Number of protein chains: 2
Amino acid sequence: MRQTALAVDLGGTNLRVAVVSADGDLRARRHEATRAKAGPDIVVAQLAALVDEVCRAAEVPADAPLGIAIPGPLDPSAEVVSFTPNLAGWRDFPVGAALRQQIHRPIALGNDGNCAALGEATFGVARGVGDLVYLALGTGVGGGIISNGRLLEGAHGLGAEVGHVVVAMDGPRCTCGSLGCLEAFVSGWAIERDATIVATTADGARLRELAGDGPVKPGHVAQAALEGVPSAIALLERAGRALGAALGAFVNLFAPEAIVIGGGIERLGEPLLGPARRAIANHSFPAPRAAARLEISALGGDTALYGAAALALERAR
Amino acid sequence: MRQTALAVDLGGTNLRVAVVSADGDLRARRHEATRAKAGPDIVVAQLAALVDEVCRAAEVPADAPLGIAIPGPLDPSAEVVSFTPNLAGWRDFPVGAALRQQIHRPIALGNDGNCAALGEATFGVARGVGDLVYLALGTGVGGGIISNGRLLEGAHGLGAEVGHVVVAMDGPRCTCGSLGCLEAFVSGWAIERDATIVATTADGARLRELAGDGPVKPGHVAQAALEGVPSAIALLERAGRALGAALGAFVNLFAPEAIVIGGGIERLGEPLLGPARRAIANHSFPAPRAAARLEISALGGDTALYGAAALALERAR
């Protein structure tokens, strides 16, 4: 196995590059604001320049592979991004070909959620696990699936959309257009939607107080719940039950050894995770449930960066 | 690739054996009632005897592999059945070891739903498809998943329980104990449960008439729906919407090239399948949905038998 990889986390906000060793040492970290509105050619040039800068700073071997986590559905064999909501002009963009013209080393590209799953299985709390579901609970809900030691990507890399599985067929509409997705219950935007409504009611006095002049954020809801405010407890309990229902479905479908949760929303803590844990038991078989441990990511904001490195070490060409 | 396999479909009611060629020719078919209450040793002996009978009748090569579809979760490496509701005494039963003592040829064992998925991808309407979801809508709901050309079985073969994924987190209780599973909406028992309730109401006159002195069966509901009876139409529409919600989740998770439906309930036809097709659009992304064709199984009751043959040809040892 290769010993060192270059890792790129290409986000809609930040572009991040680092050197990661096969034993998980992350160094020479650089980041800058992604020139997201400038179109794909400019972003690819920006990425190549930042990779060059890291290579000069860290004396990376010339044949060290490069892994890149991309924020959108990516066809893993064609290396084409079908679209990505946060980067202007990335529609059916042949990102692999564009990068290979500028960067002359083995390259591997992956969707960011899939990369993160691989990062958890290679460097994170699920190190060595062959059957894994990773859930990134952030503003939206993404993630990835590893089945029998391999990324589950689906035809043309369009699968593993773990945030967009039904938990309530007559539930609220999701930003993706579907009804009752997991993301429509337990993402940052969904919790804010519910909290904004509660804050207009008599039960929302404490939420209004915590939010001050700004919008009600998920952290305000968690704070109120920890203080015992019933409306905040109920709001996070419903979100947690939806999370547990989806996790139960994943237990029955993938029989994972581990489910890893990251992305930020998991930091709301027990008011969300307690109901989720209890709900898993209402939506899964005992045998696979007993075998699936629930873990909180310890890689923090570096999950996709570690994953890009894992991808490079495994399949760069 | 091997040219001929022996295939066994071990059901709770019937034990079926046949010879299947690699090009899909099924011959020398035998079946008898499974001695389901007699315990695993008797059933294994019964199976071995029926295989012997088929071998004598069909002049099967001595090294032709044997594939067996088992009605319960099966650990594919340990070849142990954890339990099966329809065969008495099959709890943590080492079926592989027991069979290998009596049958001296390469053997492969698989869960019946997984085998059926493999049968559809090898001999059925999804021949050659590498990403496939197969759904057996019968008294219960089973099935299997093929991802990137391989069966998705999960750790210890406990995954791919496609009938037991949530479609409504506050929905009716399923026979498995969970809440709001697909099976709790669209199986034979779930449709009978709903139909029995409707039949007690003023809207249920036609259902009572069709059922006569017996229970209201799914076929009666379909007949009434085709005649335009609103309560029957509404009943199957709700079941169809639940089916479509689960299929939408499968589209987003597995990005399959084909979804194949068999098992019997699909014969209720358009009153069920029309709403299901429309609901898929409410619960999936356009790109993977456009790529996933919905097919009705053409292998009928032989799906698991064909699948056992495919399993034997692929992985018997």
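Residues numbered from 1 in each chain as written. Chains lettered and ligands numbered in written order. Predicted model: local features only at pLDDT ≥ 70, side-chain atom pairs only at ≥ 80, totals over all residues. Heavy atoms only, no water.

(A) How the structure looks around the packing of helix 7 (residues 218-226) of chain A against helix 8 (residues 230-254) of chain A. All names here are of chain A. Two elements in contact, helix 7 and helix 8, have axes whose closest approach is 7 Å; the angle formed by their N-to-C orientations is 120°. Classified by the angle their axes make, helix 7 and helix 8 are oblique. In the crossing of helix 7 with helix 8, the sense of the turn from one axis to the other is left-handed. Between helix 7 and helix 8, the contacting residues are Val-221, Ala-222, Ala-224 and Ala-225 on the first element and Ala-232, Ile-233, Leu-235 and Leu-236 on the second. Of the residues that constitute the contact of helix 7 with helix 8, the class distribution is eight nonpolar, no polar and no charged. (Axes fitted to C-alpha atoms, helices over the stretch in contact; angles between N-to-C directions. Helix = DSSP H or I, 4+ residues; strand = E, 2+ residues; numbered from the N terminus. Parallel < 35°, antiparallel > 145°, perpendicular 65-115°, else oblique. Left-handed = near helix turned anticlockwise from the far one by under 90°. Contact = heavy atoms within 4.5 Å. Nonpolar A, V, L, I, M, F, W, Y, C, P; charged D, E, K, R; others polar.)

(B) Structural view of the side chain of His-164 of chain B. By the element assignment, His-164 of chain B lies in the loop between strand 11 (150-151) and helix 4 (183-186). Since its relative accessible area comes to 6%, His-164 of chain B is described here as buried. With near-sequence residues (within four places) excluded, His-164 of chain B lies in contact with Asn-252 and Phe-285 of chain A together with Val-141, Cys-174, Cys-176, Cys-181 and Glu-183 of chain B. (Buried < 20%, exposed > 50% of the residue type's maximum accessible area, 1.4 Å probe, protein only.)

(C) Molecular detail of the packing of aromatic side chains. What the rule picks out here adds up to seven aromatic pairs over all chains. Centre to centre, the rings of Phe-254 of chain A and Phe-254 of chain B are 5.6 Å apart; their planes meet at 50°, and the pair counts as tilted. Of this pair, Phe-254 of chain A sits in helix 8 while Phe-254 of chain B sits in helix 8 (residues 230-254), each in a different chain. Seen from their ring centres, Phe-123 of chain B and Tyr-306 of chain B are 5.3 Å apart, and the 45° between their planes marks the pair as tilted. Pair noted here: Phe-123 of chain B is in helix 3 (residues 112-123) and Tyr-306 of chain B is in helix 11 (residues 303-315), with a separation of 183 residues, a long-range link. A single burial state applies to Phe-123 of chain B and to Tyr-306 of chain B, both of which are buried. An aromatic cluster of three or more residues is present, and its members are Phe-250 and Phe-254 of chain A together with Phe-250 and Phe-254 of chain B. (Phe/Tyr/Trp six-rings, centres within 6.5 Å; stacked < 30°, edge-to-face > 60°.)

(D) Representation of the relation of the copies chain B and chain A within the structure. Mapping chain B onto chain A is achieved by rotating through 180° and translating by 0.0 Å along the same axis, at an RMSD of 0.0 Å. Look at the turn and shift together and you get a two-fold axis relating the two. In terms of C-alpha distance to the rotation axis, chain B has Ala-168 of chain B as its closest residue, with the C-alpha 2.1 Å off the axis. (Least-squares fit on C-alpha atoms with pLDDT ≥ 70 in both.)

(E) Representation of the sheet that holds strand 11 (residues 258-262) of chain A. Residue and element names in this part refer to chain A. Strand order in the open sheet made by the five strands is 10-9-8-11-12, with mixed pairing throughout. Every other strand in the sheet has two partners, leaving strand 10 (150-151) and strand 12 (293-296) as the edge strands with one partner each. One ladder, built from four bridges, connects strand 11 with strand 12; its direction is parallel. Note that in strand 12 the partner of Val-260 across the bridge is Glu-295. In the packing of helix 3 (residues 112-123) onto the sheet, the strands contacted are strand 8 (132-137), strand 9 (141-147), strand 10 and strand 11, and the crossing angle to strand 9 comes to about 55°. (Pairing = 2+ DSSP bridges.)

(F) Main features of the pattern of salt bridges. Residue and element names in this part refer to chain A. According to the stated counting rule, one finds 30 salt bridges over all chains in the structure shown. The residue Glu-53 makes a salt bridge to Arg-30 at a minimum N-O spacing of 3.1 Å. In this pair, Glu-53 sits in helix 1 (residues 40-58) while Arg-30 sits in strand 3 (residues 26-33), placing the two residues 23 residues apart along the sequence. Taking relative accessible area as the criterion, Glu-53 reaches 32% and is therefore assigned partly exposed. With relative accessibility at 26%, the residue Arg-30 sits in the partly exposed group. (Salt bridge = Lys/Arg side-chain N within 4 Å of Asp/Glu carboxyl O.)

(G) Molecular detail of the confidence of the model for chain A. Looking at chain A, the pLDDT average stands at 96 and 100% of residues meet or exceed 70. Interface confidence for the predicted complex, given as ipTM, is 0.96, next to a pTM of 0.96. (pLDDT = per-residue confidence, 0-100.)

(H) Main features of the sheet that holds strand 11 of chain B. Residues and elements named next belong to chain B. Taking strand neighbours across the sheet as the criterion, the five strands line up as 11-10-9-12-13 in an open arrangement whose pairing is mixed. Both outer strands of the open sheet, strand 11 and strand 13 (293-296), are each paired with one neighbouring strand and no more. The strands touched by helix 3 within the sheet are strand 9 (132-137), strand 10 (141-147), strand 11 and strand 12 (258-262), with strand 10 carrying the most contacts at an inclination of about 55°.

(I) Structural view of the packing of helix 5 (residues 188-199) of chain B against helix 8 of chain B. All names here are of chain B. The geometry of helix 5 relative to helix 8 is characterised by a closest axis approach of 11 Å and an angle of 155° between their N-to-C directions. The angle between helix 5 and helix 8 falls in the class roughly antiparallel. Considering only the axes of helix 5 and helix 8, their crossing is right-handed. Facing Ile-191, Asp-194, Ala-195 and Val-198 of helix 5, the residues of helix 8 in contact are Ser-231, Leu-235, Leu-236 and Arg-238. Of the residues in the contact of helix 5 with helix 8, the class split is five nonpolar, one polar and two charged.

(J) Seen up close, helix 9 (residues 270-280) of chain B. With eight of eleven residues buried, helix 9 of chain B lies mostly within the body of the structure. Turning to helix 9 of chain B, its buried residues number three or more, namely Pro-271, Leu-272, Leu-273, Gly-274, Pro-275, Ala-276, Ala-279 and Ile-280 of chain B.

(K) Fine view of the interface of chain B and chain A. Taken together, the contact between chain B and chain A spans 41 residues of the former and 41 residues of the latter. Considering only the side of chain B, the residues that lose the most area to chain A are Met-169, Leu-253 and Phe-285 of chain B, jointly responsible for 20% of the buried surface there. Taken together, the connections running from chain B to chain A amount to two salt bridges. On inspection of chain B and its partner chain A, the count reaches 21 residue pairs in polar contact (both at pLDDT 80 or more). (Buried area = accessible area lost by both parts, 1.4 Å probe. Polar contact = N/O pair within 3.5 Å; in protein donor to acceptor, adjacent residues only side chain to side chain.)

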